[in-house]
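This is what each chain is made of:
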Amino acid sequence: MGKLKDIPKIDRPRERFLEKGSDALSKSELLAILIGSGIKGKNVKQLSKQIIRKFGNKFLDITVNDLLKISGIGKAKALQIVSALSLVKRFYEELGPKDKIVLSAQDAVSLTSEIRDKKKEYLVCLYLNARNALLKKEIISIGTLDKSIIHPREVFGPAVELRAAGIVILHNHPSGNIVPTKQDIEVVNKILEAGKIMGVNVIDFIIVSENDMHSIFIDIQASENKTTLYVSDGVQKSLFDLLETEKPVYKINVKKIKENYFYIPQIKKNYVQLHNRRYIGSKHKLIKWIFSIINKECEGNSFADIFAGTGVISAIAARHFKKIILNDFLYSNYAIYQAFFGDGAWDKDKINNIIKDYNNIPVEDLEDNYFSNFFGGKYFGYNSSKIIGFIRENIEENKKNLTNREYYILIASLLYAVDKIANTVGHYDAYFKKEHINDYFFMKPIDPIKVNEISIFKEDANLLVRKIKADVVYIDPPYNSRQYSRFYHVLETLTKWDEPKLHGVALKPDPENISDYCKSNAKTRFAELVKDIDARYLVISYNNTYNPKSNSSKNKIPLEKIEKILQEKGKTKVFERNYRHFNAGNTNFNNHKEYLFVTKV
Ligand SMILES: C[S@@+](CC[C@H](N)C(=O)[O-])C[C@H]1O[C@@H](n2cnc3c(N)ncnc32)[C@H](O)[C@@H]1O
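Source: prediction; values computed, not measured.

Cut-offs and rules
- In every chain, residue numbers begin from 1 and rise along the written sequence.
- In keeping with the predicted nature of the model, local features appear solely for residues at pLDDT of at least 70, side-chain atom pairs appear and are counted solely at 80 or more, and the whole-chain, interface and lining totals rest on all residues.
- Side-chain figures throughout are based on the complete set of non-hydrogen atoms in the structure, without hydrogens or water.
- Whether a residue is near a molecule or strand depends on its heavy atoms: it is near if one of them lies within 4 Å of it.
- Between N or O atoms, a polar contact is any pair within 3.5 Å; within protein, one atom must be a potential hydrogen donor and the other a potential acceptor, and residues adjacent in sequence are included only when both atoms are from side chains.
- A 1.4 Å probe and the Shrake-Rupley method give the accessible areas. Residues count as covered only by the protein chains that appear here.
- Each residue is assigned to one class: nonpolar for Ala, Val, Leu, Ile, Met, Phe, Trp, Tyr, Cys and Pro, charged for Asp, Glu, Lys and Arg, and polar for all the others, Gly among them.
- Pairing of aromatic rings covers Phe, Tyr and Trp, the last through its six-membered ring, and needs centres within 6.5 Å; plane angles under 30 degrees mean stacked, over 60 mean edge-to-face, and all others mean tilted.
- What counts as a helix is a DSSP run of H or I of at least four residues, what counts as a strand is a run of E of at least two, and both are numbered from the N terminus.
- Using a 1.4 Å probe on the protein chains alone, a residue whose accessible area is under 20% of its type maximum counts as buried, one over 50% counts as exposed, and one in between counts as partly exposed.
- Counted as over-ring charges are cases with an Arg CZ or a Lys NZ within 6 Å of the ring centre that also lie within 35 degrees of the ring normal.

Trainee: A description of the site of the ligand should follow, citing residues and the corresponding values.
Mentor: By nearness alone, 22 residues border the ligand, and Tyr279, Thr310, Asp328, Asp476 and Ser515 come closest of all. Tyrosine 279 places a side-chain nitrogen or oxygen 2.6 Å from an oxygen atom of the ligand. When the ligand is considered free in solution it has 610 Å² of accessible area, and contact with the protein chains removes 99% of it. A per-class count over the shell around the ligand returns 10 nonpolar, 7 polar and 5 charged.

Quick look at the structure:
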């Protein structure tokens, strides 16, 4: 039987508890001490990990019957665990204010808001225990950040004293540009090296400015489109886990970061850029590769982006093509395109003043509204949801005083602000069940993009292609059964503002804009689409997710089928590259590739 004594000594929770205290142990290790022994084929650590994973946030409400369903847990152990929980709950109820728990970069930033607008650089360290509760916040240095000035002793000294399990380091860039400098990266790597030696988790290194932030933790996780929480499966995550090497080094150098942001002419700190949102399948990080191929393989004056999603592909196409056709069947995407790409008149000062007023709404004077009633304390903090609902209603009430473009600019700015604070992994299939939801609302105006000639549609792509003509048609349909209209329903509801009836735990309205590309007839629809397109070149994005862990991530159209359909239309070339892609946490496989098919009709 897998008892605690069978685990190598350094890994034994009891020894670590006695040596370093309970804060040094993860939840599953603490549970392992309670359980004491495992069963044949499953040691006590594996058994407790399984229990923590299975019950997650509901662990505190676990019952004896729940536990008896787990092989390896008998009546005596189940009673022991449930009694311990009940005891803790009783005392906990009698306690005063709760700990400050730092679960995300946003939490860390809100604890250090005072450094955001400082004229000098402040380096602050948050010391956390294994539950990510704040033990102490300390200013480490004031003045230019320099690896020769920052000594690991200053950062790790308090960590040792406090027996901290992890640290989050933050500093401000008074210039407003949150891209890490060469110095920053040298400091990060020096701290990573020291943290590894000291046995203290380096959880994150964050750069803040008055209106922006850049977290290395989010940066690495987002490039894999994973959750950006500091805790997953009850275990504290750190940069060590993300970099996954014995000697962790943050390799993204300044040049590479600048390349990633290459199409932003300059970082405008007071405005929101088109790509500043979380969106499944966004090609933001693949733009350079995609356009290196389009620019070589295709020519012409017009470009149609018929499954445009975020619209980031069109933003770059607008630099190379005179005429852009943009389409997506979601209401929220349509509003965003009208705002960023529309050609209607708008008054910048008027928009800035309205948004300034929106940012100063006294929440205590607001009444509950549709948005706060449904989403407050779930997808958003309660106060934020009250403000969001109020603003959306106010835009509608003032529609007659706004031009069409101004109306969409306000809605799009609100959609981007909402995305920033949503208590989700980035879409709305579920929200985090956590006690403390960030409840800070701040809205920035969107930064419109200049286009020579634009046509914006909100149609089913298969119907649209029968009416339009373009030199290049870019096709980036959904690849799997995940319906975009169901994933982004909160943004759809906010845009339409028709107060629909909402259903289920995820609070979704009745289905609308259900895509055939997410169903088994995707192949047929794709063949029809290709046949009906009037273009000189077709460019298609797809990937090789055919064997994911979760069936809903499985691609609907085989690559061979795509190629066969395209070869019938014209001479087709296939380009591929490795890419770490989005998954909602369930899909994780190596050898992920992105494909780009280019057909010369
Ligand atoms: C893979 S995403 C496109 C991502 C986009 N290229 C980007 O970089 O953001 C697919 C998009 O197609 C849209 N869509 C799905 N089915 C559609 C249909 N039948 N007609 C029009 N749009 C559709 C979805 O709303 C989604 O935004």
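Trainee: Describe the packing of aromatic side chains, naming the residues involved and giving the relevant values.
Mentor: Under the defined criterion, the tally for this structure stands at 21 aromatic pairs. Pairing phenylalanine 340 with tyrosine 416 gives two aromatic rings, centres 5.6 Å apart and planes at 55°, and the pair type is tilted. Of the two residues, phenylalanine 340 is situated in helix 14 (residues 331-341) and tyrosine 416 in helix 18 (residues 404-421); the sequence distance between them amounts to 76 residues. Taking the relative accessible area as the measure of exposure, phenylalanine 340 reaches 0% and is therefore buried. Among the residues examined, tyrosine 416 registers a relative accessible area of 2% and is labelled buried. Consider the rings of tyrosine 407 and tyrosine 408, whose centres lie 5.2 Å apart with planes at 70°: the pair is edge-to-face. Here tyrosine 407 and tyrosine 408 have matching classes, each one buried. Aromatic rings pair up to connect Tyr370, Phe371, Phe374, Phe375, Tyr379, Phe380, Tyr428, Tyr431 and Trp497 into one cluster. Lying over the aromatic face of phenylalanine 240, lysine 196 brings its terminal NZ or CZ to 4.9 Å of the ring centre.

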